[in-house]
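A structural walkthrough
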Amino acid sequence: VILTHDSAGNHVVSWHAGDTSPVPLLDLPATFNAAAIAVHPMGQSFFIEGKTGPQSQILVANHVNGSWTQHTIYQTAADVRRLLVAPRPFEIGFNDTTNQTIESYRLFFAERLPDGVYSTRSITEDGQREYQVIGPQSTYVKIPDENEDPTPNFVPSVLPESFHPDGHLLIWEDGNGCFQQLAYAGNNWDKPSHVAGNPCGGSLTVTPNGAALLHWKSGVPGVAVIGDQGRTTSGQAGGYQFISTPSSVPDGKGIVGLVEKAGAQALVYVPIAVPLADVI
């Protein structure tokens, strides 16, 4: 799925690598300035982050009866960045009647605080049960009606970056632009730890098989594939200079990224070599 913008406003389209044209999915409100899109792991909905006037919003688009509908699930006066959806659901409660746990997928994003630093926060897929995952002590929150509060991981500033495909590791960027990771240890978050190879700058994502990292930097051709727990690094897609973070395709054999081409923006698919890339 791709966010596009033209004279008529913002839109969401679907594109399959190799197709000559995209398929329109959804026209966004004319007043909504879309900035990021993230797909639900189950594939039947997606989330769009952007602004309407001074308000940051997160919209959800659901596929109902053959068409896409949208509504707002979160709104704040603070600037919001780096929208992610965790690959696995979280336990959010217990139903005493059915004697079963209640689960929900969660969204993660950064909110800019008045002093310019960032707090990484999370809400359920319906926009409820917000809490700070990691960030300044001043913005820590307790979750109502919970026996155990979120782990108090306090750091000066933090931007969420990406999830390991298994869902147990959140990679985040600290105030110095370097990447660290936060593991989910059973029923709560663990303490921060360093990412293998200690990469800094640009963006960092995990390959679909979980075996390597893709490190992209603005102005540097291609991406660096960091493997073997940070002991090996290889350059890939060096013939392309991406202008934003490229995305891995699901089988891990290539990346799709945005480039400048003949004075316009274009999406390109580039095969890359990653150990054990062929994800089923």
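What you see as residue numbers is a count from 1 along each chain, following the sequence as written. Residue-level local features of this predicted model are given only where pLDDT is at least 70; pairs of side-chain atoms are given and counted only at 80 or more, and the full residue set underlies all totals for whole chains, interfaces and linings. Excluded from the side-chain calculation are hydrogens and water; included are all heavy atoms of the structure.

**Quick word on the overall build of the protein**
Quick note on the threshold: Runs of E in the DSSP output that reach at least two residues are strands. Runs of H or I that reach at least four are helices, and both are numbered from the N terminus. Radius of gyration: over C-alpha atoms. The globule rule applied is 2.2 Å multiplied by the number of residues raised to the 0.38 power. Throughout, exposure labels follow a simple rule: accessible area from a 1.4 Å probe, protein chains only, divided by the maximum for the residue type, with under 20% read as buried, over 50% as exposed, and the rest as partly exposed. Residues are treated as being in contact if the distance between any of their heavy atoms lies within 4.5 Å.
Counting its secondary structure elements, the protein contains 0 helices and 24 strands. Against the compact-globule benchmark of 19 Å for 280 residues, the protein has a radius of gyration of 19 Å, which places it among compact chains. Dimensions of the protein, computed from C-alpha atoms along their principal axes, come out at roughly 55 × 45 × 45 Å. Per-residue burial over the protein gives 44% buried out of 280 residues. Considering only contacts within the protein whose residues lie at least 6 apart along the sequence, 35% involve residues at least 24 apart.

**Quick look at the sheet that holds strand E12 (residues 118–124)**
Sheets are built from strands paired through backbone hydrogen bonds, the pairs being either parallel or antiparallel. In plain terms, the rule: At least two bridges found by DSSP between two strands is the condition for calling them paired. Convention adopted: a line fitted to C-alpha atoms gives each axis, helices being fitted over their contacting stretch, and angles between N-to-C directions are expressed from 0 to 180 degrees.
Spatially, E8-E11-E12-E13 is the arrangement adopted by the 4 strands of the open sheet, whose pairing is antiparallel. Whereas interior strands pair on both sides, the edge strands pair on one side only; in this sheet they are strand E8 (80–85) and strand E13 (131–134). Sheet twist, expressed as the average angle between the axes of neighbouring strands with direction ignored, equals 30 degrees. Inspection of the sheet shows E12 paired to E13 by 3 bridges, in the antiparallel sense. Considered in E13, the bridge of Arg121 is made with Gln132.

**Looking at the sheet that holds strand E23 (residues 254–261)**
Read across the sheet, 3 strands follow the order E22-E23-E24 without closing on themselves; strand pairing throughout is antiparallel. A single partner strand is all that each edge strand has here, and the edge strands are strand E22 (247–248) and strand E24 (264–271).

**Thoughts on the state of the cysteines**
Definition in use: Note on disulfides: each one is a pair of cysteine sulfur atoms within 2.5 Å.
Scanning the entire structure with this criterion turns up 1 disulfide. Across the disulfide, Cys178 is cross-linked to Cys200 (sulfur-sulfur distance 1.9 Å). Torsion about the S-S bond of the Cys178 and Cys200 cystine: about 100 degrees, corresponding to right-handed handedness. Residue Cys178 is located in the loop between strand E15 (169–174) and strand E16 (179–183), and its partner Cys200 is located in the loop between strand E17 (193–194) and strand E18 (203–206); the two are separated by 22 residues in the primary sequence.

**Quick word on unusual backbone geometry**
A positive phi is found at Asn65, a non-glycine position, where the angle reads about 50 degrees. Mapping Asn65 onto the fold places it in the loop between strand E6 (55–64) and strand E7 (67–76). When its relative accessible area of 81% is taken as the criterion, Asn65 is described as exposed. Look at Arg82: it is not a glycine, yet its phi comes out positive at around 60 degrees. Secondary-structure assignment places Arg82 in strand E8.

**Focus: the pattern of salt bridges**
So the rule is basically this: Counted as salt bridges are all cases of a side-chain nitrogen of Lys or Arg within 4 Å of a carboxyl oxygen of Asp or Glu.
For the structure on display, the rule yields 7 salt bridges. For Glu161, the salt bridge identified is with Arg82, shortest N-O distance 2.8 Å. Of the two residues, Glu161 sits in strand E14 (residues 158–163) while Arg82 sits in strand E8, which places them 79 residues apart along the sequence. The salt bridge involving Glu130 is made with Arg121; its shortest N-O contact spans 2.7 Å. Residue classification places Arg121 among the buried residues on the basis of a relative accessible area of 7%. Three or more residues are tied together by salt bridges with common partners; here these are Arg82, Glu161 and Glu173.

**Re the packing of aromatic side chains**
Stated precisely, the cut-off is as follows: For this analysis, a ring pair means two rings from Phe, Tyr or Trp (six-membered ring only for Trp) whose centres lie within 6.5 Å, classed as stacked if their planes differ by under 30 degrees, edge-to-face if by over 60, and tilted for the remaining angles.
Inspection of every chain in the model, using the stated rule, returns 10 aromatic pairs. The interplanar angle of 45 degrees and the centroid separation of 6.0 Å between the aromatic rings of Phe90 and Phe108 together place this pair among those described as tilted. A residue pair is termed long-range when its members are at least 10 positions apart, and Phe90 in strand E9 (residues 90–95) and Phe108 in strand E11 (residues 106–112) qualify at 18 residues. Relative accessible area serves as the criterion here: at 0%, Phe108 is assigned to the buried category. Consider the rings of Phe108 and Trp189, whose centres lie 6.1 Å apart with planes at 85 degrees: the pair is edge-to-face. With Phe108 in strand E11 and Trp189 in the loop between E16 and E17, the pair connects residues that are 81 residues apart, well separated along the chain. Three or more aromatic residues joined by ring pairs form one cluster here, namely Phe90, Phe108, Phe163, Tyr184 and Trp189.

**Focus: the environment of Pro114**
In this fold, Pro114 is placed in the loop between E11 and E12. For Pro114 and Asp79, which are 35 residues apart along the polypeptide, the C-alpha to C-alpha distance reads 9.7 Å.

**Brief notes about the environment of Pro144**
Within the fold, Pro144 resides in the loop between E13 and E14. Of the residues examined, Pro144 reaches a relative accessible area of 59% and is grouped as exposed. As for Pro144 and Pro275, which are separated by 131 residues in sequence, their C-alpha atoms are 45 Å apart.

Everything listed here is a matter of geometry and, on its own, says nothing about what the molecule does.
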